[in-house]
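Secondary and tertiary structure notes
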Amino acid sequence: MTEATLQQMIGIFDVEAVDDGPDGPRRFRGNSFDEGRQVVEGSQMLAQAVVAVSKALPGRTVRTAHGLFVSVADPALPLDFTVTPVQAGRSFASATVAVAQNDRIRSTVTLLLDRPQPDVIRHDQWTGEQVGGPGTANPARMPMQGREVRLEGVRDLNDPEEVGPPVVDAWLRYDTVPERDDLRRALLTQFTGPLSISTSMRPHTGVGTSQAHHSLSTAPMGIGVTFHEPLGWDGWIRYHHESTYAGAGMSHVRGQVLTEDGRLIASFTQDAMIRALSVGGRAASAPVESRL
C-alpha cells in the first residue's frame, strides 16, 4: 500500500455536493483512506462533516462538532453526508449530519456554528507544566508525506512495556496548511483520533497499541471538538492528551491543541472502547491482570 500524502488527506476532507436545493446543498459525498484495516477512522468522518456543514451553511464557522461512530464504515465505499439544519439564526446555527453507506447510518454528528465576535474577555494560554518542545521530542512512526509527528518523552507508544503516566504530547508539523477555514478545522479534527487510546493504555504494563485488533478490541466511539478563535498557526502545533479514566471496557481522554508558543486553538474529548478479544474474536471484559 502506498503511503498517503497530506494533499490526498485534504482532498478527502473536501466532500462534494450531490444536490442543489433552493436553500443550498444538503447532501454531500466523499471517499476514505484505506489503511488496510477495512475501517474508516471516526475522526476522518467527523472532519468531513465539518466541511459538509460549512458548505451547507456558508458565512458561519464551525465552533463545536460532536460525532458518534455507531457502525463500522468500509473505506472501499463512498460516504454520503446529509446535513439537516436545526436552527439558522443571524448569528448562531446548529445542524446534524448523518453519515451513511448503502443507506445505513454509520455516524451521526451534531454541530454548532456562529459568526465570531470581538473579544469581551480573553484567556487562551497554556497553564500546565512546561514541555521540552519539538526539538527534543522523539520521531513517531506515523508515516504521511507532508506531515511530521514527534512525541514528547515517548520512544514507542505502541510498545506494551513502555509505561508512563496517562499523558501524551504529540508535536505535528504540516508542509502546507489549507487557506480555507473549513479545511483547517478538518485538518485539526483528524488528529484527535489516532493517539487517545494509546494514551489510556500507557500506564498499564503489558497493554499497548500493538495489541489492538489482535488480542484487544479498540475503537473510538465518540469525539467532540471545540474550535477556538483565531484558528491559525505557523510551524509546529501540539496535541496534549490526558486520559482521565479507563475501566469497564471504556476510556475517556480530554485534550488541547496548542501552537508552539502555547496559544490554545482547539479542545477535544474522546470516548473509546478497549476490550479483550475472546478466542472467537468477540470483545470481552478486560482480565484483572491487565488493569492498573
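To start, this report covers the structure provided alongside it. Only a predicted model underlies this, so the values are computations on that prediction, with no experimental measurement involved. (Residues numbered from 1 in each chain as written. Predicted model: local features only at pLDDT ≥ 70, side-chain atom pairs only at ≥ 80, totals over all residues. Heavy atoms only, no water.)

**With respect to the packing of aromatic side chains**
Summed over the entire model, instances satisfying the criterion amount to 2 aromatic pairs. Here Phe191 and Tyr239 contribute two aromatic rings whose centre-to-centre distance is 5.1 Å and whose plane-to-plane angle is 65°, an arrangement assigned as edge-to-face. Taken together, the residues span a long stretch of sequence, with Phe191 in the loop between helix 3 (181–190) and helix 4 (196–201) and Tyr239 in strand 11 (residues 237–247) at a distance of 48 residues. For Tyr239, a relative accessible area of 0% gives the class buried. With centroids separated by 6.1 Å and ring planes inclined at 50°, the aromatic side chains of Tyr239 and Phe268 adopt a geometry described as tilted. Of this pair, Tyr239 sits in strand 11 while Phe268 is found in strand 13 (residues 264–277), placing the two residues 29 residues apart along the sequence. Under the relative-accessibility criterion, Phe268 is labelled buried at 3%. (Phe/Tyr/Trp six-rings, centres within 6.5 Å; stacked < 30°, edge-to-face > 60°. Helix = DSSP H or I, 4+ residues; strand = E, 2+ residues; numbered from the N terminus. Buried < 20%, exposed > 50% of the residue type's maximum accessible area, 1.4 Å probe, protein only.)

**Brief notes about the nonpolar core**
Formed by 59 residues in total, the largest nonpolar core has its most connected members in Val53, Val97, Leu188, Ile237 and Tyr239. Those residues in contact with Val53 that lie beyond four places of it in its chain are Val62, Val83, Ala95, Val97, Leu111 and Leu113. Membership of the second largest hydrophobic core comes to 6 residues, among which are Ile197, Leu216, Ala272 and Ile274. (Core = buried A, V, L, I, M, F, W, Y, C linked by side-chain atoms within 4.5 Å. Contact = heavy atoms within 4.5 Å.)

**Digging into the packing of helix 2 (residues 42–56) against helix 3**
The interhelical angle for the contact between helix 2 and helix 3, taken along N-to-C directions, is 165°, at an axis separation of 8 Å. The pairing of helix 2 with helix 3 is recorded here as roughly antiparallel in orientation. The two elements helix 2 and helix 3 cross, and the hand of that crossing is right-handed. The segment helix 2 lies against helix 3, with Ser43, Leu46, Ala47, Val50, Val51 and Ser54 engaging Asp182, Leu183, Arg185, Ala186, Thr189 and Gln190. (Axes fitted to C-alpha atoms, helices over the stretch in contact; angles between N-to-C directions. Parallel < 35°, antiparallel > 145°, perpendicular 65-115°, else oblique. Left-handed = near helix turned anticlockwise from the far one by under 90°.)

**Considerations on helix 1 (residues 6–13)**
Along helix 1, the positions that sit buried rather than exposed are Leu6, Met9, Ile10, Ile12 and Phe13. Take helix 1 and look down its axis: the buried residues cluster within an arc of 160°, on one side only. Lining the buried residues of helix 1 we find helix 2, strand 9 (167–174) and helix 3. (Arc of directions from axis to C-beta.)

**Remarks on the pairing of strand 11**
Judged from the 6 bridges that link them, strand 9 and strand 11 form a sheet pairing that is antiparallel. In the sheet register, Leu172 faces strand 11, and the bridge partner there is Ile237. Direction of pairing for strand 11 relative to strand 12 (residues 250–259): antiparallel, over a ladder of 10 bridges. Directly across from Glu242, in strand 12, lies its bridge partner Arg254. (Pairing = 2+ DSSP bridges.)

**A short note on the packing of helix 1 against helix 3**
Packing of helix 1 against helix 3 leaves a shortest axis separation of 10 Å and a crossing angle of 110°. As the angle between them shows, helix 1 and helix 3 are arranged roughly perpendicular. For the pair helix 1 and helix 3, the crossing hand works out as right-handed. Contacts from Leu6, Met9, Ile10 and Phe13 in helix 1 reach Leu183, Ala186, Leu187 and Gln190 in helix 3. Considering only residue class, the contact of helix 1 with helix 3 consists of 7 nonpolar, 1 polar and no charged. (Nonpolar A, V, L, I, M, F, W, Y, C, P; charged D, E, K, R; others polar.)

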